[in-house]
Amino acid sequence: MATTTETKIVEKEPWFSKKERVLMTDPLLDNNPITIQVLGVCSALAVTSLVYPSVVMSIAVVFVCAFANLFTSLLRNMIPKAVRLIVQLVIIATLVTLVNEALKAINYPIYKQLSVYIGLIITNCIVMGRLEAFAMANKPWRSFLDGIGNGAGYGLILIVVGFFRELFGKGTLLAGSPVPMFIIGSGDDYWIDTTTPGQWGNTFFGWYANNNLMVMSVAAMFIIAVLIWWQRSRNPKLVDIS
Amino acid sequence: MSTKYIYGFAFAMTILVAALLAGSKVVLEPIAMKNEDIFNKRQILEAISTPLAAAGQELSSLSDDQVLEIFEKQVDQTVVSADGEPVDGMMAIEVDMAKERKKPEAERMYPVYEINFDGKSYYVFSVRGTGLWDAIWGNIALEGDMNTVAGVSFDHAGETPGLGAEIKDNAAWKAQFVGKKIYNDEGKFVSVTARKGGAIDKEHEVDGLSGATVTADGVTDMLYEGLKSYEPYMEDAETATTSMKLN
């Protein structure tokens, strides 16, 4: 397996060099898997109606992406070319099954809520894309960082989308988590209680009900589209990348 | 790279991965089973969450141990057959409603949870039906008169968030069921109906869910069919209580 396109670095780099930091920060913004590469959109639509499941899903993807990259990179010179995709898939599937089992034991309600979507990380193009494009040709430590970066880039978008959907959809934030916050809604549990006369004037008495447009998956489409537009209008260089 | 190497690699990898996954399953499965048990028991207690909250025991603030303790001390679990006779040697929590539903009606078994609490008895019955996309299921609590609804809890396998999933997420909608009667004035079984456009008969109807008519109708059917299959048991229990009062 001497055919790998590994870049030979002549000079010894420091442990956490600038180049390596870029591996982690680049996928967060200028090379974001969702907004720039437009990968992994399916699960971004499905799990983002609340922030808390988005956070759990992000952690799961960061974990799977980082360790799949690490293991693939460690094995990159041993993996037979003919079956490399299957081997990659086995690595991802193993990690995803582990995450699924662990989640069942750690937090059963959230496991129920995310249901099939944890299992579907196996089919998330971001994970396999990184294995094929990066881990097969780079050293373990860099691959690991790249995995964290891409997982986090995906997670960042998930959490941003989840934030807007939950806040405007249900008027809460982090509902179902250990630290739920009730921001706006009809009821005295909420910070902004729209049923209290006077606060908004009697005209708007109890006006905030669930906004189903935001609760449903289509809202994620709108929010991701706005993010894509906003990101590219700020940095025109990104327009033709994808 | 020889074919032998490829086979060897695949074989070694399969063995390694299988061992790893089997090991993790053995370690984590018992914890997961316990979590599932607590999750199911919480769903049953959710049906009486209104009286629980009235007694200062908000379900969400109960710890897992407290839930198990309530089940240990205050819940009588029975399993009844289709003609209302108790079945010996089974705990209600062991009944898998999805499996029961596949059996012929005469052979089905139904779980009954009698929850004694605050000097009152509540009877929780499990029901299962079909929503728009997939299965829906729930628990309905009746007061000691076997007529007044004390509360409900619903869950679903795949209803649309914001629409059908409201049967689980919308606490205000579920709260409407409290105080409804499942028998009419003539003593005929009518169940509780979720009516599209809003309840007309306030005794036996609740508002439907806008945007989720099929799911709400599924709930109506589920409650009707589900509670109807408990009728023999309810009649037996009622005769028992009346005769007790006569004595």
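Cut-offs and rules
- Note that residues are indexed from 1 along each chain, following the sequence as it is written.
- All chains are assigned letters beginning with A, and all ligands numbers beginning with 1, in the order in which they are written.
- pLDDT decides what is reported in this predicted model: residues at 70 or higher carry local features, side-chain atom pairs at 80 or more are listed and counted, and totals for whole chains, interfaces and linings draw on all residues regardless.
- Side-chain metrics in this entry use all non-hydrogen atoms of the structure; hydrogen atoms and water are not considered.
- UniProt positions are given in the numbering used here, feature names are shortened, and annotations may be inferred rather than shown by experiment.
- Helical segments are the DSSP runs of H or I of at least four residues, strand segments are the runs of E of at least two, and each set is numbered from the N terminus.
- For every residue, the accessible area obtained with a 1.4 Å probe (protein chains only) is divided by the maximum for its type, and the residue is called buried under 20%, exposed over 50%, and partly exposed between those limits.
- The contact rule is simple, with two residues in contact once any of their heavy atoms fall within 4.5 Å.
- Calculation of accessible area relied on Shrake-Rupley with a 1.4 Å probe; when residues are assessed, cover is drawn exclusively from the protein chains displayed.
- Positive charges come from Lys and Arg alone, negative charges from Asp and Glu alone, with His and the N- and C-terminal ends not counted.
- By convention, the charge on Lys lies at NZ, on Arg at CZ, on Asp at CG and on Glu at CD.
- Put plainly, a pocket is an open set of points on a 1 Å grid over the protein atoms alone with protein on both sides within 12 Å along at least five of seven lines, a cavity is a set where a 1.4 Å probe fits but cannot get out, and a lining residue has an atom within 4 Å of a point.
- Grid points are joined across faces, edges and corners, and a volume is the space filled by probe spheres set on the points.
- Every angle, taken between N-to-C directions, lies between 0 and 180 degrees, and every axis is a line fitted to C-alpha atoms, over only the stretch in contact when it is a helix.
- Any angle that is under 35 degrees is reported as roughly parallel, and any over 145 degrees as roughly antiparallel; angles of 65 to 115 degrees are reported as roughly perpendicular and all others as oblique.
- By definition, turning the near helix anticlockwise from the far helix through less than a right angle yields a left-handed crossing, and turning it clockwise yields a right-handed one.
- The quantity reported as buried area is the accessible area (1.4 Å probe) lost by two parts once they are put together, taken as the sum for both.
- The salt bridge definition used is simple: a Lys or Arg side-chain nitrogen within 4 Å of an Asp or Glu carboxyl oxygen.

Identification of chain B as Na(+)-translocating NADH-quinone reductase subunit C from Neolewinella agarilytica is taken from an unreviewed UniProt entry. Regarding chain B, the relevant UniProt record gives this comment under Cofactor (unreviewed entry): "FMN". Entered under Subcellular location (unreviewed entry) in the UniProt record, the comment concerning chain B runs "Cell membrane".

Looking at an unreviewed UniProt entry, one finds chain A named Na(+)-translocating NADH-quinone reductase subunit D, with Neolewinella agarilytica as its source organism.

### Re the overall build of chain B
When its secondary structure is counted, chain B shows eight helices and eight strands. Its C-alpha atoms give chain B principal-axis dimensions of about 85 × 45 × 40 Å. For chain B, the proportion of its 247 residues judged to be buried stands at 43%. The long-range share in chain B, meaning contacts at least 24 apart out of those at least 6 apart in sequence, stands at 53%. Element-wise, carbon and sulfur atoms account for 55% of the exposed surface of chain B, whose accessible area totals about 12,900 Å². Positive and negative side-chain charges in chain B, numbering 23 and 40 respectively, have mean positions lying 5 Å apart.

### So, empty space enclosed by the protein
All names here are of chain B. This model, assessed by the stated rule, comprises two cavities of 30 Å³ or more. If you add up the space inside the second largest cavity, you get close to 30 Å³. Lining the second largest cavity are Ala194, Arg195, Lys196, Gly208, Leu209, Thr213, Ala216 and Asp217. For the lining of the second largest cavity, the secondary-structure elements that each account for two or more residues are β7 (193-195) and α7 (213-229).

### Side note on the packing of helix α3 (residues 51-75) of chain A against helix α7 (residues 125-133) of chain A
Residue and element names in this part refer to chain A. Relative orientation of the contacting elements α3 and α7 amounts to 25 degrees, with a least axis distance of 9 Å. The angle between the axes of α3 and α7 places the two elements in the roughly parallel class. Our pair here, α3 against α7, has a crossing hand that is right-handed. Between α3 and α7, the contacting residues are Val64, Cys65, Ala68, Asn69 and Thr72 on the first element and Ile126, Val127, Arg130 and Leu131 on the second.

### A look at the interface of chain B and chain A
In this complex, chain B contributes 22 residues to the contact, which on the side of chain A involves 25 residues. For the pair chain B and chain A, the summed buried surface comes to about 2,100 Å²; carbon and sulfur atoms form 73% of the total. Ranking the residues of chain B by area buried against chain A places Phe9(B), Met13(B) and Phe39(B) at the top, with a combined share of 23%. At the boundary of chain B and chain A, one finds two salt bridges. Two residues, Asp169(B) and Lys170(A), come together in a salt bridge whose shortest N-O distance is 3.8 Å.

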